[in-house]
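Residue-level structure breakdown
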Amino acid sequence: MRKSPRATTPPDRAKLRLKKPKKKAAGIPAALSSAYHGMTKMGVTKTVKTLVTVNQQEGFDCPGCAWPDPEHRTTFEFCENGAKAVADEAMKAHVNASFFSHHSIQALAELSDYELNRKGRLAQPMHLAPGESHYKPISWEGAFEKISGALKSLPSANRAVFYTSGRTSNEAAFLYQAFIRAYGTNNLPDCSNMCHESSGKGLGQTIGIGKGTVTLEDFNHANVIMVIGQNPGTNHPRMLTALRDAKKKGARIIHINPLPEAGLSRFKHPQDYMKMDLTSTQLADIHLPVRIGGDAALLKGLIKLQLELSAVDHAFVNEYTSGFQSMKDAALNTTWDQIVNDSGIPRQSIQDAAEMLASSNATIACWAMGLTQHKNGVSVIQEVVNLLLLGGHVGREGAGFCPVRGHSNVQGDRTVGIWEAPSESFIDRMEKGLGFDIPKEHGYDVVQSIEAMADGQVDVFFCMGGNFLSATPDTDFTAKAIANIDLTIQVSTKLNRSHLVTGKEALILPCLGRTELDVQDGEAQFVTVENSMGIVHRSKGTLQPASPMLRSEPWIVSTLAEQTLGLQHLPWNDLCSNYDSIRDLMEASLHGFTDYNRRVRNENGFSLPNPPRDDRTFNTHDGFANFTTHQLPDVSVGEDQFVLMTLRSHDQYNTTIYGLHDRYRGVHGHRRVLFMNADDMVARGWKSRTKVDITSHFNGETRESASWLLVPYEIPKGNLAAYFPEANSLVPLKSTADVSNTPTSKWIVCTLRSSPVHNGVEEE
Ligand code: SF4
């Protein structure tokens, strides 16, 4: 019996260094950091080669977030974290058979996620036999034989689960879902189940499309831009350029976030120095440091004031909406006491923001996890919809909804079929295009997958990219659930903890990265992705693959499909020999991809249909944009309890830890830190670096996590913040958002106590 490797990140060994948080984002430090990551990981030549091709029309799409590229690119069309993402993928270091022969999975699991990530690119297929602790090399043929054999032996296709991470290209994702549906299941959980699923559900029910409605150009025509529960300075940095340009055109910005993030304070575009422009731009005009979970109350207050200020576009409301009256009554009946108490924002500040909104003819609302990862994630997003519908801010230039996607193609994956709960119209169109029937029964999302694994209902678990174990909640529970599975397979570029905490038997299939040349049948291929604004565009790698044994994701899927299913459904390998064939099949099987191969060769690709944006058409149950009415959530917690939210440092991208420098928040060298309000600390006799243990509480259950160093920070009283994946072990699996089932990683009720180790204070 194999000893289970550690599932959670081991405590940091590095020293914690604290500096004053920054009030300005980007600038020279961002340029230096980009160069540092490039030079240390890729070397000079590759750094120059990749950074002049990333996000260019004939180049590759940044493997970072899904912020769109401007029509007119600059020579250096990337941000600091884009440069880190590229350097991380194109790094020289390799992880091969020799590496694994010297490192057991148990020993590797004692490394931090940062240390694991630095080991390098996975260079060849590897196999972990049952009971063994060391991976051994395996041929591609051998690996496919194992997987297809296991799949064919299952009593039901529903005992297999196929996960997708948001970096997967449209072509790979489409083939993958076609294979999985031909195999006979809809068990297609993906990373959006954990991030913007609440946005998809919230918008889908109210405006008839689960995506944002703005274009990048709209930012240049906005009067007011709201940035809610989002930290663009770290997670979507080129968005700061759009905000700066909007400010220069007179827009005003309302920043709603428990934390005063540097990215919304001031912004200095590094390339301005080349124009001898030394000025920086103040971004947010108002920062509303809302209490965690207080967004719904704040939005209710803003809605109430729009009504009282008569800032209602009655022509739009009467012609295009339904449900106005009950929404209005609910807002007007909500007391200011509850609004101010639940939001933690003084009435006057709400008034100031409301007046800004009331005078706006064009308002954009942007948001991210700060809204989606809550029990009321769907309803709070629908309060944003209520606020903008009141002013007719949809389908108008400079106005609309902008949920900003964190993964470069997470929106594209959903569009092309990575969806455990496909709609009837989607299934109809897909069956017509594919020419075979597909399953109708909905499959597992992420949380349901883990529950099924824990119940022993899953025998084969296939992951297309990602780091499932570290990205999901309830880490220890999830690790035990995964250990129940007979065979786990990871298609990956980099070593991570999900390669160490596996099923009884495991396989690693190393794939090409975004930056790398993908040659099929002697021809270099391009893939396509969809950004947050619904633009589909090309991405073509330019670098020689890190290893000759890497394969493209479409090739891996088509080869496995042919090995498992034969050619009865589709000519899998023929499709993969020229990706235009895959796109032709996508055109036949999906809405909005007409003339795909021609249009995607346009310089900037093409926009998918977006009825609310295109012509104020709302494909909802009643054909109108729906106002909705929601009770405010109960945001009270018990005596001496806190509300914790997980977040990223500036030196990470999802669960990938690039470095140990959260430069904007002044935290260096150590990640096991807990941001806490200084008054809350003093009230307990604690001070900076006091070591505490955290206990989370949910439905009578508790989860423990020890040895966190306190960092005094500008955060509302009673609120705490900590980095993921370290804090994910505190997030209860069953604590999810209504309707979307998204884990509530931004709302974790917990208590603290001094850590018995080191009588609580970490030495300087
Ligand atoms: S903003 Fe996002 S997509 Fe653009 S370069 Fe930065 S990380 Fe990459």
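Residues numbered from 1 in each chain as written. Predicted model: local features only at pLDDT ≥ 70, side-chain atom pairs only at ≥ 80, totals over all residues. Heavy atoms only, no water.

**What to know about the sheet that holds strand E23 (residues 606-607)**
With antiparallel pairing, three strands are arranged side by side in an open sheet as E21-E22-E23. Two strands bound the open sheet, and with one partner strand each, they are strand E21 (527-530) and E23. Here E21 runs beside strand E22 (residues 535-539); their pairing, made up of four bridges, is antiparallel. Residue pairing for E22: Val527 is matched across the bridge by Ser539. The strands touched by helix H8 (residues 170-183) within the sheet are E21 and E22, with E21 carrying the most contacts at an inclination of about 90°. (Pairing = 2+ DSSP bridges. Helix = DSSP H or I, 4+ residues; strand = E, 2+ residues; numbered from the N terminus. Contact = heavy atoms within 4.5 Å. Axes fitted to C-alpha atoms, helices over the stretch in contact; angles between N-to-C directions.)

**Quick notes on the nonpolar core**
Formed by 60 residues in total, the largest nonpolar core has its most connected members in Phe179 and Phe462. Looking at this core element by element, the count peaks at nine residues for H8. Among residues more than four places away in sequence, those in contact with Phe462 are Ile147, Val161, Phe162, Tyr163, Tyr176, Ile489, Val491, Leu509 and Leu560. Counting 50 residues, the second largest nonpolar core, distinct from the first, contains Ile228, Val317, Val380 and Val384. (Core = buried A, V, L, I, M, F, W, Y, C linked by side-chain atoms within 4.5 Å. Buried < 20%, exposed > 50% of the residue type's maximum accessible area, 1.4 Å probe, protein only.)

**So, the domain arrangement of the chain**
The domains assigned to the chain are domain 1 (92-192 + 413-607), domain 2 (197-404) and domain 3 (635-763). Taken over C-alpha atoms, the centre of domain 2 sits 26 Å from the centre of domain 3. Summed over both sides, the interface between domain 2 and domain 3 buries roughly 2200 Å², with carbon and sulfur atoms accounting for 60% of that surface. Seen at the junction of domain 2 and domain 3, the total is two salt bridges. Between Arg665 and Glu261 there is a salt bridge, with its nearest N and O atoms 2.8 Å apart. Taken together, the connections running from domain 2 to domain 3 amount to seven residue pairs in polar contact (both at pLDDT 80 or more). Secondary-structure elements contributing two or more residues to the side of domain 2 that touches domain 3 are helix H9 (197-207), helix H10 (232-235), helix H18 (369-372) and helix H19 (377-390). With four residues, the single largest contributor to the side of domain 2 that touches domain 3 is H9. Class assignment for the residues of the side of domain 2 that touches domain 3 results in nine nonpolar, 12 polar and six charged. (Domains from an automatic or database assignment. Buried area = accessible area lost by both parts, 1.4 Å probe. Salt bridge = Lys/Arg side-chain N within 4 Å of Asp/Glu carboxyl O. Polar contact = N/O pair within 3.5 Å; in protein donor to acceptor, adjacent residues only side chain to side chain. Nonpolar A, V, L, I, M, F, W, Y, C, P; charged D, E, K, R; others polar.)

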